[in-house]
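Examining the three-dimensional arrangement
Each chain, written out:
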Amino acid sequence: ASWIDELPSAQVPPQSGMTLSAHSSAFAKSIPMLTLPVFAGNSSEWPHWIGLFRALIHQQPSLSDAERMAHLQSAVSGKVQLVIAGMLYDGNLYQQALKTLQNRFGQSADIIRVHLEGIFAAESPLEDDATSLETFQSTVHCAVTILQSHGYEADLISTENPRRAVAKLPPYLRREWAEFTLKLKPKEPTLLDLDTWLQEQVSVALLCQAAAAPRTQ
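Each residue is numbered by its place in its chain's sequence as written, counting from 1. It should be noted that, the model being predicted, local features are given only for residues of pLDDT at least 70 and side-chain atom pairs only at 80 or more, the latter also being counted only at that level, while totals for whole chains, interfaces and linings use all residues. Heavy atoms from the whole structure form the basis of all side-chain values; hydrogens and water molecules are not counted.

A short note on the pattern of salt bridges
What makes a salt bridge here is a side-chain nitrogen of Lys or Arg within 4 Å of a carboxyl oxygen of Asp or Glu, nothing more. Summed over all chains, the structure comprises 7 salt bridges. Between D65 and R68 there is a salt bridge whose closest N-O contact spans 2.8 Å. Here the residue D65 and the residue R68 both occupy positions in helix α2 (residues 65-74), the gap between them amounting to 3 residues, near one helical turn. Exposure class is identical for D65 and R68. Each is buried. Here D110 ties to R113 by a salt bridge, and the two come within 4.0 Å at their closest N and O atoms. Of this pair, D110 and R113 both sit in helix α5 (residues 108-120), 3 residues apart, which is roughly one turn of that helix. Here's how the labels work: a residue is buried when its accessible area is under 20% of the maximum for its type, exposed when over 50%, partly exposed in between, all with a 1.4 Å probe on protein chains only. Residue class for D110 comes out partly exposed when judged on its relative accessible area of 28%. What makes R113 partly exposed here is its relative accessible area of 40%. Note on conventions: DSSP H or I runs of at least 4 residues are helices, E runs of at least 2 residues are strands, and numbering of each starts at the N terminus.

In structure tokens, the structure reads:
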């Protein structure tokens, strides 16, 4: 369960009856030096965005829920804002708004699907090109990290996912991957193995690139 699931099901209205507009003068207590990115509904961006929102806004003890709601409103756009449009007028609905957003955009299955599709749709690394290989490895590593954080063990150990990812590699790297998997026998290669192996290949490629660079006088 996420921290949003642990929020109370309903917020008790403050005895003072203060509304969102009544708190506008207290915005000096906000965090002016940091800017929260705008979330537009891409599930792959949810973990990063909600983590920042929690740190920058939700966990700030100086902010009331009315102020948090105001920050939330300014940090979402498009369909995301439409989903909670009926709640934005009342700070007492702040926690309900967070839960609504998580139910719509923060479902683990959707996040995992988007990240796996990101691997399979990624640009194939170019032959002997450290930069494109590093970009591809970063995509794989991000997906692996998300799978681990959400406890999707089946997708991590699936043999189909690394097979589809390796199909994106240049021929010479596919051959080296095949040699690597032979050494793993009888264990079947996983996305975790591929991630570790790709990190090593990137390190080798960067060293080769540096060695081939012309020396400056």
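The rest of the description comes next.
Regarding unusual backbone geometry
Looking along the chain, the bond that leaves K185 and enters P186 is cis, with omega of 10°. Here P186 lies in the loop between α9 (171-184) and α10 (191-212). Even without a glycine there, the phi angle at D128 is positive, about 50°. Here D128 shows up in the loop between α5 and α6 (130-149).

Remarks on the nonpolar core
Ranked by internal contacts, the top residues of the largest apolar core, which has 52 residues, are W46, W49, F53, L72 and L98. Of all elements in the fold, only α1 (46-58), α2, α4 (94-105), α5, α6, α8 (160-166), α9 and α10 reach the threshold of two or more residues within this core. Two residues form a contact once any of their heavy atoms are found within 4.5 Å. If we skip the residues at most four places from it in the chain, W49 touches L36, P37, V38, F39, L72, A75 and V76. What we call a nonpolar core is a set of buried Ala, Val, Leu, Ile, Met, Phe, Trp, Tyr and Cys residues that are connected through their side-chain atoms within 4.5 Å.

Structural notes on α9
With 14 residues, α9 extends 20 Å from end C-alpha to end C-alpha; this agrees with the ideal 20 Å at 1.5 Å per step. Every buried residue of α9 is listed here: L173, W177, T181 and L184. Buried residues of α9, viewed axially, fall in a sector of 80°; they line one side. Exposed side of α9, more than 90 degrees from the buried face: R175, L182 and K183 are the residues found there. Looking at the buried residues of α9, the elements they touch are α6, α8 and α10. Here the expected length of a helix is defined as 1.5 Å per residue gap, with one fewer gap than residues. Along the arc lie the directions from the helix axis toward the C-beta atoms.

Any link to function would need more than the numbers given here.
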